[in-house]
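Each chain, letter by letter, is given below.
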Amino acid sequence: MFFWPPQQAVPLPTAYSAAYNTMRVDSIFSKTMKGQGKDMSSRTKISVIGAGFVGSTLAQRLVERDYADIVMFDIIPNMPQGKALDMLEAGPILGYDSQIIGTNDYADTANSSIVVITSGFPRKPGMSRDDLVKKNQEVITQVTEQVVRYSPDSIIIMVTNPLDAMAQLAYKISGFPRNRVVGMAGVLDTARFRTFIARELNVSVRDVQAYVLGGHGDTMVPLARMSTVAGVPLAQLLPPERIEQIVQRTRDGGAEIVKLLGTGSAYFAPSASILQMVESIMLDKKMIMPCAVYLEGEYGINGLFVGVPVKLGAGGVEQIIQIDLDENEQAQLQRSADAVQELIKVMGI
Ligand code: APR
């Protein structure tokens, strides 16, 4: 007969029961890696700087993947701790064991493999683009110094806007090699482009392949010529004027969301885009996706962060993929680069 709970505890052999119990508790249940503290396990550590909309949504997506421990940093006291605890408490329901902590102390981010930077100010009414650059320049300078101090071997994924300029700033300040500083923009812009194409043709988003290069914003370069649906070129499926409308909607994709939300900017698709980049690095997937990287002559551009297709793997940016652009596309990419250059000038770096 099977009884639950057991009617009678099965006694352990008395000679080693105490030692056995102690060993179990020490070695199985409360073991932590040296220097990681009681809140962290021996999993890979990913830090997210800025626990606002993008940062906290990303942290949630990451912790649910269950392959890394997450540290969420913000300057606002208690806020990242509260959000992290809330996410931790969802673990038993969703079935993840990854640890997540919130903090106001950079020491907790120590030895992160990947640091995602989302901290900064949004553009407020009446604020010029140059004012925003200068305000976020202060934030990113401060943050990057702490990232270098505590996680000198990390890969930095920049998310704060204006994206390309902030990535360039972090690259300069960190002194990291260019494979370890990468900006998120192209994945998001491409996702928007793919969404609109899929909705237009009423097909699965999985069947739509597309690329958006260049800067994040008005100067982005959606490569309609290289977009396909199940391998069929887009130009065979839609008239040029409809493609142009979709391209324009993609360019205005960020602004469209800002207008609808009324306060703040997009965060669901941005956090999903960052997740894809993190995953390609963490799991060494070597996926090819458009990201902002420091170009040294590729695409005829030298010494600037611009969005181009790259291979992301365990080494960060493992390869810059050169695709042949036509004259018009190359000119648009150059315009993007010029816009980044202007912001670099404003920052004086
Ligand atoms: N150090 C750390 N965190 C900071 C600092 C700083 N010096 N300054 C501000 N922050 C934090 C804020 O306290 C806030 O919690 O950055 C967070 C930013 O969050 P939100 O204002 O919610 O902005 P969010 O929508 O998350 O966007 C973040 O990503 O997509 C881009 O354009 C967007 O640049 C913006 C960034």
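First, a word on what this report is: a plain description of the structure on this page.

About the thresholds
- Residues numbered from 1 in each chain as written.
- Predicted model: local features only at pLDDT ≥ 70, side-chain atom pairs only at ≥ 80, totals over all residues.
- Near = placed C-beta within 6 Å.
- Nonpolar A, V, L, I, M, F, W, Y, C, P; charged D, E, K, R; others polar.
- Domains from an automatic or database assignment.
- Pairing = 2+ DSSP bridges.
- Helix = DSSP H or I, 4+ residues; strand = E, 2+ residues; numbered from the N terminus.
- Core = buried A, V, L, I, M, F, W, Y, C linked by C-beta atoms within 7 Å.
- Buried ≥ 20, exposed ≤ 12 C-beta atoms within 10 Å, placed from the backbone.
- Contact = placed C-beta atoms within 7 Å.

## Quick look at the site of the ligand
Then, in step 1: Taken together, 24 residues form the shell around the ligand, and within it Gly 50, Gly 52, Val 54, Ser 119 and Asn 161 come nearest.
Then, in step 2: Grouping the constituent residues of the shell around the ligand by class yields 12 nonpolar, 11 polar and one charged.
Then, in step 3: A domain-level breakdown of the shell around the ligand finds at least three residues from each of domain 1 (40–183) and domain 2 (186–347).

## Digging into the sheet that holds strand 10 (residues 228–229)
Then, in step 1: Strand order across the open sheet formed by three strands is 7-10-11, with antiparallel pairing between neighbours. Only two strands of the sheet have a single neighbouring strand rather than two, namely strand 7 (208–209) and strand 11 (232–233).
Then, in step 2: With two bridges connecting them, strand 7 and strand 10 associate as antiparallel partners. Bridging across to strand 10, Val 208 finds its partner in Val 229.

## A few points about the nonpolar core
Then, in step 1: Ile 157 and Met 158 are the most contacted members of the largest nonpolar core, which has 85 residues in total.
Then, in step 2: With seven residues, helix 6 (residues 163–174) is the single largest residue contributor to this core.
Then, in step 3: Mapping this core onto the domain boundaries places at least three of its residues in each of domain 1 (40–183) and domain 2 (186–347).
Then, in step 4: In this structure Ile 157 touches Ile 114, Val 116, Val 182, Met 184, Ile 274, Met 277 and Val 278, once residues within four positions along its chain are discounted.

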